Amino acid sequence: MSLTCTALTLPGMHKYFIKTPWIVKKIFPSYIWSLPADDDVVYLTFDDGPHPIITPWVLNQLKMHKVKATFFCIGNNVEKFPEVFQQILHEGHSVGNHTYCHLNGWNTDDKKYLDDVSKASQLVKTNLFRPPYGRIKNSQAKKIPAAMQTRGAKIIMWDVLSADFDTSFTPEHCLNNVLENVRRGSIIVFHDSEKANENLRYTLPKTLESLKQTGFCSRNIEL
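Rules used in this analysis
- Residues numbered from 1 in each chain as written.
- Predicted model: local features only at pLDDT ≥ 70, side-chain atom pairs only at ≥ 80, totals over all residues.
- Heavy atoms only, no water.
- Helix = DSSP H or I, 4+ residues; strand = E, 2+ residues; numbered from the N terminus.
- Axes fitted to C-alpha atoms, helices over the stretch in contact; angles between N-to-C directions.
- Parallel < 35°, antiparallel > 145°, perpendicular 65-115°, else oblique.
- Contact = heavy atoms within 4.5 Å.
- Nonpolar A, V, L, I, M, F, W, Y, C, P; charged D, E, K, R; others polar.
- Buried < 20%, exposed > 50% of the residue type's maximum accessible area, 1.4 Å probe, protein only.
- Lys, Arg positive; Asp, Glu negative; His and termini not counted.
- Salt bridge = Lys/Arg side-chain N within 4 Å of Asp/Glu carboxyl O.
- Polar contact = N/O pair within 3.5 Å; in protein donor to acceptor, adjacent residues only side chain to side chain.
- Pairing = 2+ DSSP bridges.
- Right-handed = clockwise from strand over helix to strand, strands pointing away.
- Left-handed = near helix turned anticlockwise from the far one by under 90°.
- Patch = residues over 30% accessible without salt bridge, like charges linked within 9 Å, V, L, I, M, F, W, Y side chains within 5 Å.
- Areas by Shrake-Rupley, 256 points an atom, 1.4 Å probe, with all protein chains shown as cover.

**Examining unusual backbone geometry**
In step 1: The linkage connecting Gly49 with the following residue, Pro50, adopts the cis geometry, with an omega of 0°.
In step 2: By secondary structure assignment, the location of Pro50 is in the loop between β1 (41-47) and α2 (54-64).
In step 3: With phi around 90°, Asp48 is a residue other than glycine that occupies positive phi space.
In step 4: Its place among the elements puts Asp48 in the loop between β1 and α2.
In step 5: You will see that Thr99, though not glycine, has its phi angle at about 70°, which is positive.

**A word on the packing of α2 against helix α9 (residues 197-213)**
In step 1: Relative to each other, α2 and α9 sit at 10°, their axes nearing to 10 Å. The orientation of α2 relative to α9 falls into the category roughly parallel. Packed against α2, whose contacting residues are Ile54, Trp57, Val58, Gln61 and Leu62, the element α9 presents Asn197, Leu200, Arg201, Leu204, Pro205 and Leu208 at the interface.
In step 2: Residues belonging to the contact of α2 with α9 are distributed by class as follows: 8 nonpolar, 2 polar and 1 charged.

**Some words on the side chain of Asp192**
In step 1: By the element assignment, Asp192 lies in the loop between β7 (187-191) and α9.
In step 2: For the buried residue Asp192, which engages in no salt bridge, the nearest side chain bearing the opposite charge is Arg130, 8.9 Å off.
In step 3: Within the structure, the side chain of Asp192 is placed 3.2 Å from the backbone nitrogen of Gly49, a separation counted as a polar contact.
In step 4: Separated by 2.8 Å, the side chains of Asp192 and Thr55 make a polar contact.

**Quick word on the pairing of β7**
In step 1: With 5 of its 5 residues buried, β7 lies for the most part within the structure.
In step 2: Along β7, one buried face is formed by Ile187, Val189 and His191 and the opposite face, lined by Ile188 and Phe190, is buried too.
In step 3: Pairing of β1 with β7, which is carried by 5 bridges, proceeds in the parallel orientation. Bridge pairing in β7 links Asp47 to His191.
In step 4: Note that strand β6 (residues 160-161) and β7 share 2 bridges and pair parallel. Along β7, the bridge assignment pairs Leu161 with Val189.
In step 5: Each parallel crossover has a hand, and the one from β6 via helix α8 (residues 171-179) to β7 is right-handed.

**Here we look at the packing of α2 against helix α4 (residues 82-90)**
In step 1: It is at 10 Å that the axes of α2 and α4 come closest, and there the two elements cross at 15°. For the element pair α2 / α4, the angle class is roughly parallel. Handedness of the crossing formed by α2 with α4: left-handed. Every residue of α4 that contacts α2 at Thr55, Pro56 and Leu59 is listed here: Val84, Gln87 and Ile88.
In step 2: When the residues that make up the contact of α2 with α4 are grouped by side-chain class, the tally is 4 nonpolar, 2 polar and no charged.

**A word on a nonpolar patch on the surface**
In step 1: A cluster of nonpolar side chains, contributed by Trp22, Ile23 and Ile27, occupies part of the molecular surface with about 330 Å² of accessible area.
In step 2: Tracing the chain through its elements places Ile23 in helix α1 (residues 22-27).

**So, the pairing of strand β3 (residues 94-97)**
In step 1: Burial along β3 is two-sided: Ser94 and Gly96 and Val95 and Asn97, pointing in opposite directions, are all buried.
In step 2: Where strand β2 (residues 70-73) and β3 come together, 4 bridges link them in parallel fashion. Bridging from a neighbouring strand, Thr70 pairs with Ser94 of β3.

Structure below.
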């Protein structure tokens with residue numbers, strides 16, 4: 001089965017779920033949707049960077065609130081902005097492979113897709129992988145460890161989607177997407193990208209403040 005329901009088209013709805021339904025997690029149990037948590041821990045993640053302006057701003061927000069996160073980086077952006085990538089690592093955050101060219105696995109030949117993942121892995125040394133758009137075929141997923149040259153490769157999906165990339169959502173709506181759905185162990189997705197910038201700059205500070213007030217702490221993903 002190649003379908004991941006996080007991108008399922010439903011009549012009258014957006015083409016993705018804000019809160020990943022339990023049935024999706026059951027259908028695809030080999031993917032990591034959330035993490036066990038005995039205390040009030042969540043996992044903030046950021047896709048599509050590094051960006052020379054937005055990523056440093058995100059890092060500053062995280063530093064102000066003394067929390068850690070995981071950045072799923074596009075290899076091409078790492079090549080363009082290596083100093084920002086190094087800043088992510090220097091400040092103690094985790095990084096993940098998000099392919100080199102942000103390919104949609106459903107629309108890409110397996111060899112091309114896996115070669116792209118492999119190319120990114122030369123720049124982003126990690127065992128964490130997140131498929132762009134959450135779209136990956138089973139045939140591709142099975143070969144991710146080989147493409148990344150690590151037997152311990154983990155495919156990281158998410159539990160809560162902020163939808164900050166969606167310009168049809170207001171910043172307030174994006175904030176509600178997070179705060180109304182976050183639970184212990186939630187993996188939350190933001191984007192350090194130009195498309196998400198307006199929503200992110202409103203949503204992230206308020207999310208961090210709300211998490212702090214309600215006793216939640218964000219950690220980076222280390223598996």
